[in-house]
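Here are the chains, one letter per residue:
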Amino acid sequence: MSERSIGVTLLGCGVVGGGVVNILTQQRDLLRQRTGLTFDIRHIVVRDAGKHRGDLPVPLTTDAAAAIDDPGTQIVVELIGGTTTAGTHIERALKLGKPVVTANKSLLSARGGELFALARKHDTCIAFEASCGGGVPIVESLMKGLLANRIDALVGIVNGTCNVILTRMTRNGWTYDEALKEAQRLGFAEADPTLDVSGRDAAQKLALLASLAFNVGVAESDIHVEGIDTIQPTDIQFARDLGYVIKLLAIAERHVQGVGSKDPHHPGQAKPGEFLNLRVHPTLVHKDDVLAEVGGSFNAISVYGHALGHALFYGRGAGQMPTASAVVSDLLGVALGTTPLAFKQLRIFPDTTPRASVLPFHDLQSRYYLRLMVKDQPGVMGQVSQILGNHGISLSAILQRETDDGQNVPIVITTHRATEGPMRRALDQINALPTITPPTVCLRIIDQPKEFAGG
Ligand code: NDP
Ligand code: HSE
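Note that the structure is a prediction, hence the values are computed from the model and not measured.

J.: How should the overall build of the chain be read in this particular structure?
T.: Counting its regular elements, the chain contains 16 helices and 17 strands. Expected size for 455 residues packed as a compact globule is a radius of gyration near 23 Å; at 24 Å, the chain falls within 12% of this value. Its C-alpha atoms put the chain at 80 × 50 × 40 Å along the principal axes. Per-residue burial over the chain gives 55% buried out of 455 residues. Considering only intrachain contacts with a sequence separation of at least 6, the fraction spanning at least 24 residues in the chain is 74%. Carbon and sulfur atoms provide 50% of the accessible area of the chain, an area that totals close to 19,700 Å².

J.: What exactly am I supposed to notice about the sheet that holds strand E3 (residues 60-61) here?
T.: By definition, the strands of a sheet pair up through backbone hydrogen bonds, in either a parallel or an antiparallel sense. Judged by pairing direction, the sheet is parallel, and its six strands sit side by side in the order E3-E2-E1-E4-E5-E6 without closing on themselves. Looking along the sheet, the strands with just one partner apiece sit at the ends: E3 and strand E6 (126-127). Of the pairings in the sheet, the one linking strand E4 (residues 75-78) to strand E5 (residues 100-102) comprises three bridges and is parallel in character. Looking at the pairing, Val-77 lines up with Val-101 of E5. Each of strand E1 (4-11) and strand E2 (37-45) touches helix H1 (residues 15-26); the most contacted strand, E2, lies at about 145° to it.

J.: Help me understand the site of ligand 1, please; the structure alone is not making it clear to me.
T.: The environment of ligand 1 is made up of 23 residues, and the closest members are Asp-48, Lys-51, His-52, Glu-190 and Gly-319. Between ligand 1 and Gly-14, the relevant distance is 3.2 Å, taken from an oxygen atom to a main-chain nitrogen or oxygen of the residue. Val-16 places a main-chain nitrogen or oxygen 2.9 Å from an oxygen atom of ligand 1. For ligand 1, the protein covers 86% of the area, taking 900 Å² as the surface of the free molecule. Residue composition of the shell around ligand 1, by class: nine nonpolar, nine polar and five charged.

J.: How should I be thinking about the site of ligand 2 in this particular structure?
T.: Around ligand 2 sit 13 residues, and of these Lys-105, Gly-160, Thr-161, Phe-188 and Glu-190 come closest. Note that an oxygen atom of ligand 2 is positioned 2.6 Å from one of the side-chain N or O atoms of Lys-105. With respect to ligand 2, the side chain of Asp-196 contributes an N or O atom lying 2.7 Å from a nitrogen atom. Burial of ligand 2 by the surrounding chains reaches 94%, relative to a free accessible area of 250 Å². Among the residues forming the shell around ligand 2, the class breakdown is four nonpolar, four polar and five charged.

J.: I tried to follow the pairing of E4 on my own but got confused; where do I start?
T.: Successive residues of a regular strand alternate their side chains across the two faces of the sheet. Neither face of E4 is left uncovered, since the one carrying Ile-75 and Val-77 and the one carrying Val-76 and Glu-78 both have all their residues buried. Of the strand pairs in this sheet, E1 and E4 are connected by four bridges, and their pairing is parallel. Paired with Leu-11 across the two strands is Glu-78, which belongs to E4.

J.: Sorry if this is basic, but what is going on with the environment of Cys-125 here?
T.: By the element assignment, Cys-125 lies in the loop between helix H5 (105-121) and E6. Take Cys-125: its relative accessible area is 1%, and that puts it in the buried class. Sequence spacing of Cys-125 and Glu-253 is 128 residues, and the spatial spacing of their C-alpha atoms is 28 Å. Those residues in contact with Cys-125 that sit more than four places away from it in its chain are Leu-94, Pro-99, Val-100, Ala-119, Val-334, Thr-339, Pro-340 and Phe-343.

J.: Where do I start with the packing of H5 against helix H10 (residues 200-214) in this structure?
T.: Describing two packed helices takes the angle between their axes plus the distance from one axis to the other. Where H5 contacts H10, the two axes come as close as 9 Å, and the packing angle between them is 55°. Taken together, the axes of H5 and H10 lie oblique to each other. Crossing angle aside, the handedness with which H5 passes H10 is left-handed. On H10, the residues touching Lys-105, Ser-106, Leu-108 and Ser-109 of H5 are Asp-201, Gln-204, Lys-205, Ala-207 and Leu-208. Residue classes in the contact of H5 with H10 are distributed as three nonpolar, three polar and three charged.

Cut-offs applied
- Residues numbered from 1 in each chain as written.
- Chains lettered and ligands numbered in written order.
- Predicted model: local features only at pLDDT ≥ 70, side-chain atom pairs only at ≥ 80, totals over all residues.
- Heavy atoms only, no water.
- Helix = DSSP H or I, 4+ residues; strand = E, 2+ residues; numbered from the N terminus.
- Rg over C-alpha atoms; globule rule 2.2 N^0.38 Å.
- Buried < 20%, exposed > 50% of the residue type's maximum accessible area, 1.4 Å probe, protein only.
- Contact = heavy atoms within 4.5 Å.
- Areas by Shrake-Rupley, 256 points an atom, 1.4 Å probe, with all protein chains shown as cover.
- Pairing = 2+ DSSP bridges.
- Axes fitted to C-alpha atoms, helices over the stretch in contact; angles between N-to-C directions.
- Near = heavy atom within 4 Å.
- Polar contact = N/O pair within 3.5 Å; in protein donor to acceptor, adjacent residues only side chain to side chain.
- Nonpolar A, V, L, I, M, F, W, Y, C, P; charged D, E, K, R; others polar.
- Parallel < 35°, antiparallel > 145°, perpendicular 65-115°, else oblique.
- Left-handed = near helix turned anticlockwise from the far one by under 90°.

Keep in mind these numbers describe shape, not what the thing actually does.
Here it is, written out as structure tokens:
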């Protein structure tokens, strides 16, 4: 059993980088006992060396090129974030044949195919466990433990910031702004938190996970994205009254569409065949669904494999130490040689797979939650249900609360399964009614898969 020391350069030493330094220094003996490896941090590159405390193992530098080029640097860990500087440094490392470990979902979802191909060309690899699900080993699972399965669906809570916000609003009655500040204070949010609340961060992670799960290239632009920034406390309350919890879900489902499933308003668009249905949006999840219980910065990814059935990957999806745990596990995988082997052999990375056939969003089938603000006048509900009926949308429940002002009252409708295109056209007509104050809130309801509901 050989003992080896591995030279590492850290690009970025903020929330996640600080955690990596902590594990590599505090757990040095444990890692060596388990693996025979010690990690020698040779350089830590930051933007502003002056703002850091002096308790780091090596002097800080701003010279990334020199740190990457140092012959003693065997693995480069990129924890800067963003697509510009990080991309340039990663390219530099790969061109030198040095493996890269990164937590950067923005960069990989935008340029993954190109960077993976560059790594392959220079006979090296990219490891990216921390880019999806924080500390949850979902990338490793898709690359290994789940490989025997045809994956039918992947449904996840993959953004810690949004989950903190929705959890605090739901369970503690906090405002949206209070909860967002908390997520920022705890180091969960991106440098630009609009990436989180707009759903984009979740979409970037879904692009990476769906690529691995379904062996296809998925771009962020393939994914329909809605954020949580429009969720009102009243919707959280109505959802609760109906037995649901609102969660930001990232969903990728295999969708087999038969001949004759055409939307008459979009002839020719609903083609038969196999498609991926890809979306990120706030979703009503039944309170008995395991995802409804996932709170705070925890992430959970439900994967449905044809052989395994339902598996749930659960753990802290953001934050210093959980994310650092994933980064160090990637360092170990690279240094032990398992990650380079898998990278070389598996044909699941976006540079080795065909582009996904994506289901047009107007062909999505779902149940819906609608909240309308209506003038408290006779006949309004008749008009609304008439419009929905004209579009083939059937109602499941209607909820109205008494109000004092007698002006605008919220009415909540849930529907049976309907198609997105007709639903959008119905909403356009409903919002145009003089008795309605637009916009009508439209959220999707996810049904528990039968196997899971069966216990
Ligand atoms: P931080 O903002 O906390 O840290 C970023 C680090 O990068 C800082 O040390 C900063 O230097 C350095 N940096 C920024 N710009 C440059 C530059 N031009 N040149 C050199 N160094 C630079 O970010 P996080 O640690 O939160 O996130 C890092 C990455 O990890 C991102 O890709 C993020 O998406 C991802 N991630 C984050 C998670 C989290 O919970 N925070 C979880 C999972 C993934 P300085 O210190 O001088 O400002
Ligand atoms: N901003 C991200 C989140 C960090 O809140 O989930 C983890 O990727």
